Amino acid sequence: MFPQADQSSDTYEDCKATADWLLAQSAVRPSVGIVCGSGLGGLAAALKDQVAFDYKDVPNFPQSTVHGHAGRLVFGTLRGRSCVCMQGRFHLYEGYSVQKVTLPMRIFKLLGVDTVILTNAAGALNQDFKVGDIMILKDHINLPGLSGNHPLVGLNDERFGVRFPCMSDAYERELQQLALDVGQELGFGDFLKEGVYSVLGGPSFETVAESRMLAKLGADAVGMSTVHEVTVARHCGMRVFALSLITNRAVMDYDSPEKANHEEVLVVAKQRAEQVERLICTMVARMERRHNNNDDDDHDDHHDD
Ligand code: HPA
């Protein structure tokens, strides 16, 4: 059954009830939350000592309706660090309100998560980008948000965050640098890029005029996710890292024979998934070392990337 749009937002107590329900069933106390984009859910398999929940069994949770999104919340340890991983996310085009799309971020926060890592599949607007590139997000353009479909619209609950949160520092610089450093070490330098991600509501891919407009506005890539979650994660004080896997080039020319389609997105995601996973696993390992200031972990880095 297709889910109905739900315009009501979950209260702090609703989010707390979900977090407490999860904490009662799993001994893992995650400090890192990971959201896997289309075709990139394989990362969850890297988690050790897993405890997994189907979204349909988690109180207040929406359900994934998109091919390529498994719909499971997986707790476990990644390189010794406690994590929770969403294998599949929610999108506006599924009919969910932007508040429901972002609900998992507030649950992450109440589970004890301090760092959120998000991945997505995206179309390239930047002419220098190639299919298969990995783009580290340095900023975003929230077109639905700018026109009123913003996850923080409505009464503000100060227990989550302030009424007017800053977004000029949405993406943690230190984590972007860590991704660049790790990417270089793993030999990913040729296909690791940085850029601005622009979110649209979807589900149709962009017209030529829309893609040209987004490129003129300063966007390097376009997709249908991530920005809403980043906004809510920042509102409640978690630090954020996000990357886009470039699965196609947005069509910018009326004579182009190319046509964006979801099958191509999944094929490219499958081809690059292993590298995306290695990048994130190694970053998580390094983040832990930075947190604990424990250089003894150094030798660990290269075996199970
Ligand atoms: N546009 C929007 N979303 C996308 C695209 C695209 O070209 N590719 C993958 N997700």
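Relevant structure appears above.
Note that this is a predicted model, so its numbers are computed, not measured. (Residues numbered from 1 in each chain as written. Predicted model: local features only at pLDDT ≥ 70, side-chain atom pairs only at ≥ 80, totals over all residues. Heavy atoms only, no water.)

**Regarding the nonpolar core**
In terms of nonpolar packing, the biggest core is built from 49 residues, with Leu73, Met105, Phe108 and Leu111 touching the most fellow members. No other element matches helix H2 (residues 98-111), which puts seven residues into this core. Each residue touching methionine 105, except ones within four places of it in the same chain, is listed here: Val35, Met86, Val116, Glu229, Val232, Ala233, Cys236 and Met238. Membership of the second largest hydrophobic core comes to 34 residues, among which are Cys83, Leu243, Val276 and Met287. (Core = buried A, V, L, I, M, F, W, Y, C linked by side-chain atoms within 4.5 Å. Buried < 20%, exposed > 50% of the residue type's maximum accessible area, 1.4 Å probe, protein only. Helix = DSSP H or I, 4+ residues; strand = E, 2+ residues; numbered from the N terminus. Contact = heavy atoms within 4.5 Å.)

**Considerations on the site of the ligand**
The full set of residues close to the ligand is Ala121, Ala122, Gly123, Phe205, Glu206, Val222, Gly223, Met224, Thr247, Asn248 and Val265. Glutamate 206 has a polar side-chain atom sitting 2.8 Å from a nitrogen atom of the ligand. Protein contacts shield 95% of the accessible area of the ligand, which totals 260 Å² for the unbound molecule. Elements that contribute at least two residues to the shell around the ligand include exactly strand S5 (115-124), strand S8 (221-223) and strand S9 (239-249). With three residues, S5 is the single largest residue contributor to the shell around the ligand. The residue inventory of the shell around the ligand, partitioned by class, reads six nonpolar, four polar and one charged. (Near = heavy atom within 4 Å. Polar contact = N/O pair within 3.5 Å; in protein donor to acceptor, adjacent residues only side chain to side chain. Areas by Shrake-Rupley, 256 points an atom, 1.4 Å probe, with all protein chains shown as cover. Nonpolar A, V, L, I, M, F, W, Y, C, P; charged D, E, K, R; others polar.)

**Digging into the packing of helix H1 (residues 12-25) against H2**
Geometrically, a packed helix pair is captured by the angle between its two axes and the distance between the axes. It is the contact of H1 with H2, at a shortest axis distance of 9 Å, that shows an interaxial angle of 60°. Overall, the two elements H1 and H2 adopt an arrangement that is oblique. Relative to H2, H1 is oriented so that their crossing is right-handed. Residues Tyr12, Cys15, Lys16, Thr18, Ala19, Leu22 and Leu23 of H1 form the contact with H2, whose participating residues are Leu103, Arg106, Ile107, Leu110 and Leu111. Looking at the contact of H1 with H2 residue by residue, the classes come out as nine nonpolar, one polar and two charged. (Axes fitted to C-alpha atoms, helices over the stretch in contact; angles between N-to-C directions. Parallel < 35°, antiparallel > 145°, perpendicular 65-115°, else oblique. Left-handed = near helix turned anticlockwise from the far one by under 90°.)

**Points about the pairing of strand S7 (residues 192-199)**
The element S7 is largely enclosed, with a buried count of seven among its eight residues. Examined bridge by bridge, S7 and S8 share three bridges and lie parallel to one another. Of the residues in S8, the one forming a bridge with tyrosine 197 is alanine 221. Crossover handedness for the path S7 to helix H5 (residues 208-217) to S8: right-handed. (Pairing = 2+ DSSP bridges. Right-handed = clockwise from strand over helix to strand, strands pointing away.)

**Some remarks on unusual backbone geometry**
In the segment running from glycine 202 into proline 203, the intervening peptide bond is cis, with an omega of 0°. Mapped onto the elements of the fold, proline 203 is located in the loop between S7 and H5.

**Overview of empty space enclosed by the protein**
As enumerated under the stated definition, the model contains one cavity of 30 Å³ or more in all. The volume enclosed by the largest cavity comes to roughly 40 Å³. Taken together, Ile34, Val35, Cys36, Leu40, Leu43, Thr119, Ala273, Val276, Glu277 and Ile280 make up the lining of the largest cavity. Listing elements by their share of the lining of the largest cavity, those giving two or more residues are strand S1 (32-36) and helix H7 (262-292). Per-element tally for the lining of the largest cavity: the top contributor is H7, with four residues. Grouping the amino acids of the lining of the largest cavity by side-chain chemistry returns eight nonpolar, one polar and one charged. (1 Å grid on protein atoms, 1.4 Å probe; cavity = no way out; pocket = protein on both sides within 12 Å on 5 of 7 lines; lining within 4 Å. Points joined across faces, edges and corners; volume = space filled by probe spheres on them.)

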